[in-house]
Amino acid sequence: MENTMENTPNMNQDIQLSEHFRLSEFTRSATAIKHGIDNQPEIEDIEALQSLCINVLEPLRRRFGVIRITSGYRSPKLNEMIGGSRTSQHMRGEAADIHVGSLEVAKKMYAYIMANIVFDQMLLEMRGGRVHCLHISYTTERVNRKMARSNYQV
C-alpha cells in the first residue's frame, strides 16, 4: 500500500506508518469506542506518528521483536477522558506507551533506548510496585530532550 501524506487520509484505510507499524495500532481505544469519541488524528499528527515509528519504534522492534502499543494517538477529548496530561505528547502523535511484559524486559528496553536511540521523553511507568508500560516520545518540533525516568509512579 502506498503511503502518501500529501492528502487527507481516508480513515477507512489503515495507513502503513513504517515497515512494521500501522495507524490503527495508535488510534485503537476501547475508551473512545465506549464513549463515542472520534480518535482520528490530523495529517500533522500522522506525520509525527510516522517519525516516532521510524526513529524509535522500528529500531526497538529490530532489537526486541514485536512491539505492542497500548496507547498511541489520543484526541484531546480522549486524553481528557482518561485523565492524561493537558500537554500530553500523545495528542500530537509524538508518544506511544509500549507493553513490556516484565520489569526485566522493561529495564533492557530502557537501557537500550538510553544507549542507542534519540528520544524526547522516556518513562518506565510503575503502578502498585509493578511495571505498567514504557512511555516513549519523539519530536520533530524541537531538539529531543532525552529526558528519562526509570521509576515513574502512575
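Here, every reference points to the structure presented above.
This structure is a prediction, so every number in the text was calculated from the model and none was measured.

(A) Spotlight on the environment of Gly 84. Looking at the secondary structure, you find Gly 84 in the loop between α4 (76–81) and β2 (95–98). Residue Gly 84 is classed as partly exposed on the basis of its relative accessible area, which comes to 23%. Sequence-wise, Gly 84 and Phe 21 are 63 residues apart; in three dimensions their C-alpha atoms are separated by 23 Å.

(B) Examining the nonpolar core more closely. With 31 residues, the main nonpolar core has Leu 17, Phe 26, Leu 57, Leu 60, Ile 113, Leu 134 and Ile 136 as its most contacted residues. Breaking this core down by element, the ones donating at least two residues are α3 (43–64), β2, α5 (103–116), β3 (121–127) and β4 (130–137). Top contributing element to this core by residue count: α3, with seven residues.

(C) Spotlight on α3. In this model, α3 (22 residues) spans 29 Å end to end at C-alpha, consistent with the 32 Å of a helix rising 1.5 Å per residue. Of all bends in α3, the biggest is about 40°, found at Cys 53. Looking one or two places after α3, you find Gly 65, whose phi comes out positive at around 90°.

(D) Seen up close, the state of the cysteines. Across all of its chains, the model carries zero disulfides by this definition. Between Cys 53, a cysteine without a disulfide, and Cys 133, which holds the nearest cysteine sulfur, the sulfur-to-sulfur distance is 16 Å.

(E) Fine view of the pattern of salt bridges. All told, the structure shown has six salt bridges when counted by the stated rule. Note that Asp 14 is salt-bridged to Arg 22, the shortest N-O span being 3.0 Å. For Asp 14, a relative accessible area of 23% corresponds to the partly exposed category. Looking at Arg 22, the relative accessible area reads 30%, which means it is partly exposed. A salt bridge links Arg 145 to Asp 120; the shortest N-O distance between them is 2.8 Å. Here the residue Arg 145 occupies a position in the loop between β4 and β5 (147–153), and Asp 120 occupies one in the loop between α5 and β3, the gap between them amounting to 25 residues.

(F) How the structure looks around the sheet that holds β5. A sheet is described by the order of its strands in space; here five strands give the open sequence β1-β2-β4-β3-β5, paired in mixed fashion. In this open sheet, the two strands that pair with only one neighbour each are β1 (69–71) and β5. Averaged over all pairs of adjacent strands, the angle between their axes in this sheet comes to 30°, without regard to strand direction. Here β2 pairs with β4 via four bridges, running antiparallel. Each residue of the ladder has a partner; that of Ala 95, found in β4, is Ser 137. The sheet contacts of α3 involve β1, β2 and β4, and relative to β2 the element is tilted by about 20°.

The rules behind each value
Residues numbered from 1 in each chain as written. Predicted model: local features only at pLDDT ≥ 70, side-chain atom pairs only at ≥ 80, totals over all residues. Heavy atoms only, no water. Helix = DSSP H or I, 4+ residues; strand = E, 2+ residues; numbered from the N terminus. Buried < 20%, exposed > 50% of the residue type's maximum accessible area, 1.4 Å probe, protein only. Core = buried A, V, L, I, M, F, W, Y, C linked by side-chain atoms within 4.5 Å. Expected span 1.5 Å × (residues − 1). Bend = angle between axes of the 7 residues up to and from the residue. Disulfide = S-S within 2.5 Å. Salt bridge = Lys/Arg side-chain N within 4 Å of Asp/Glu carboxyl O. Pairing = 2+ DSSP bridges. Axes fitted to C-alpha atoms, helices over the stretch in contact; angles between N-to-C directions. Contact = heavy atoms within 4.5 Å.

These results come straight from atomic positions and should not be treated as a statement about function.
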